[in-house]
Amino acid sequence: QVQLVESGGGLVQPGGSLRLSCAASGRSFSSYAMGWFRQAPGKEREFVSTISWGGGSTRYADSVQGRFTISRDNAKNTVYLQMNSLKVEDTAVYYCARAKGSGDYYHQSHEYDLWGQGTRVTVSS
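Described in the following lines is the structure provided in the data block. Predicted model only: the values in this text are computed from it and were never measured.

What counts as what
All residue numbers here refer to positions counted from 1 along the written sequence of the relevant chain. Only residues with pLDDT of at least 70 are given local features in this predicted model, and only at 80 or more are side-chain atom pairs given and counted; all residues enter the totals for whole chains, interfaces and linings. The basis for every side-chain value is the complete set of non-hydrogen atoms in the structure, without hydrogens or water. A run of DSSP states H or I qualifies as a helix once it reaches four residues; a run of E qualifies as a strand once it reaches two. Both are numbered from the N-terminal end. Note on classification: 1.4 Å probe, protein chains only; a residue is buried when its accessible area is under 20% of the maximum for its type, exposed when over 50%, partly exposed between these limits. Only heavy atoms enter the contact rule, under which two residues are in contact if any of them lie within 4.5 Å. Calculation of accessible area relied on Shrake-Rupley with a 1.4 Å probe; when residues are assessed, cover is drawn exclusively from the protein chains displayed. Neither His nor the chain ends is counted toward charge; the positive residues are Lys and Arg and the negative residues Asp and Glu. Each charge is placed at NZ for Lys, CZ for Arg, CG for Asp and CD for Glu. Two rings belonging to Phe, Tyr or Trp (six-membered ring only in the last case) form a pair when the distance between their centres is within 6.5 Å. Interplanar angles under 30 degrees mark stacking, angles over 60 mark edge-to-face geometry, and anything in between is tilted. Only when the NZ of Lys or the CZ of Arg is both within 6 Å of the ring centre and within 35 degrees of the ring normal is a charge said to sit over the ring. Basic side-chain nitrogens of Lys or Arg form a salt bridge, by our definition, when they fall within 4 Å of a carboxyl oxygen of Asp or Glu. In the analysis that follows, any N or O atom pair within 3.5 Å is treated as a polar contact, provided that within protein one partner can donate a hydrogen and the other can accept it, and provided that, for residues neighboring in sequence, both atoms belong to side chains. Only a pair of cysteine sulfur atoms within 2.5 Å qualifies as a disulfide here.

**Observations regarding the overall build of the protein chain**
Phase 1 of the analysis: Secondary structure summary: the protein chain contains 0 helices and 11 strands in total.
Phase 2 of the analysis: The helix and strand sequence of the protein chain, counted from the amino end, reads β-β-β-β-β-β-β-β-β-β-β.
Phase 3 of the analysis: C-alpha atoms of the protein chain, sized along the principal axes, occupy 40 × 25 × 25 Å.
Phase 4 of the analysis: For the protein chain, the proportion of its 125 residues judged to be buried stands at 46%.
Phase 5 of the analysis: Intrachain contacts of the protein chain at a sequence separation of at least 6 include 58% that bridge at least 24 residues.
Phase 6 of the analysis: Accessible area for the protein chain stands at about 6,400 Å²; split by element, carbon and sulfur atoms hold 44% of it.
Phase 7 of the analysis: Counting 13 positive and 10 negative side-chain charges, the protein chain places the centres of these two groups 5 Å from one another.

Structural data, given as structure tokens:
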């Protein structure tokens, strides 16, 4: 059974950086697009970023464009989210997810069928 396990969350000051990782077990990781979502306290889960199966195409939410970078290493079955210039409003639990297809246009939760358990990111001084 395929599982996704996130890591790399923690406490960071505003302006700082973190890199989240999401390791996938099982085969066929490289056949699917992957995404990152986040859920802040009291808010609904929201799209952060997505990357196509081969890594050649990426999309970002406007709120993180230019600050976050998604990437993947299919040889390691891992997807990453590099987060720079972090803001207090980036505080959330971050989830990685596997899309139902291979492209770069999956922005909604229902377009993903496998989720990790989440990793908490707190941005605070």
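**Section: the packing of aromatic side chains**
Phase 1 of the analysis: Enumeration according to the criterion identifies 6 aromatic pairs in this entry.
Phase 2 of the analysis: With a centroid separation of 4.8 Å and an interplanar angle of 45°, the aromatic rings of Y105 and Y106 are classed as tilted.
Phase 3 of the analysis: Three or more aromatic residues link up through ring pairs in this structure, and these residues are F37, F47, Y105, Y106, Y112 and W115.
Phase 4 of the analysis: Its end group placed over the ring of Y95, R45 keeps NZ or CZ at 4.2 Å from the ring centre.

**Topic: the pattern of salt bridges**
Phase 1 of the analysis: Enumeration according to the criterion identifies 4 salt bridges in this entry.
Phase 2 of the analysis: With a shortest N-O distance of 2.9 Å, R38 and D90 are connected by a salt bridge. With a gap of 52 residues between them, R38 in strand 4 (residues 34-39) and D90 in the loop between strand 8 (78-83) and strand 9 (92-99) connect regions that are remote in the sequence.
Phase 3 of the analysis: Close ionic contact of D113 with R98 constitutes a salt bridge, the shortest N to O distance being 3.3 Å. With D113 in strand 10 (residues 112-115) and R98 in strand 9, this residue pair connects regions lying 15 residues apart in the sequence.

**A short note on the environment of D90**
Phase 1 of the analysis: Owing to a relative accessible area of 0%, D90 belongs among the buried residues under this scheme.
Phase 2 of the analysis: Taking the C-alpha atoms as reference points, D90 and R38, 52 residues apart in sequence, are found 8.6 Å from one another.
Phase 3 of the analysis: Sequence-distant contacts of D90, defined by excluding residues within four places in its chain, comprise R38, R67, F68, S85, V121 and V123.
Phase 4 of the analysis: Of note is the side chain of D90, whose polar atom sits 2.9 Å from the side chain of R38.

**Some words on the state of the cysteines**
In protein structure, a disulfide is the covalent linkage between the sulfur atoms of two cysteines.
Phase 1 of the analysis: Overall, the coordinates contain 1 disulfide when judged by the stated rule.
Phase 2 of the analysis: Between C22 and C96 runs a disulfide, and the two sulfur atoms are separated by 1.9 Å. Since a negative S-S torsion denotes a left-handed disulfide, the C22-C96 link at about 45° is right-handed. You can see C22 sitting in strand 3 (residues 18-24) and its partner C96 sitting in strand 9, a full 74 residues away along the chain. C96 matches C22 in its accessibility class, with the two residues each being buried.

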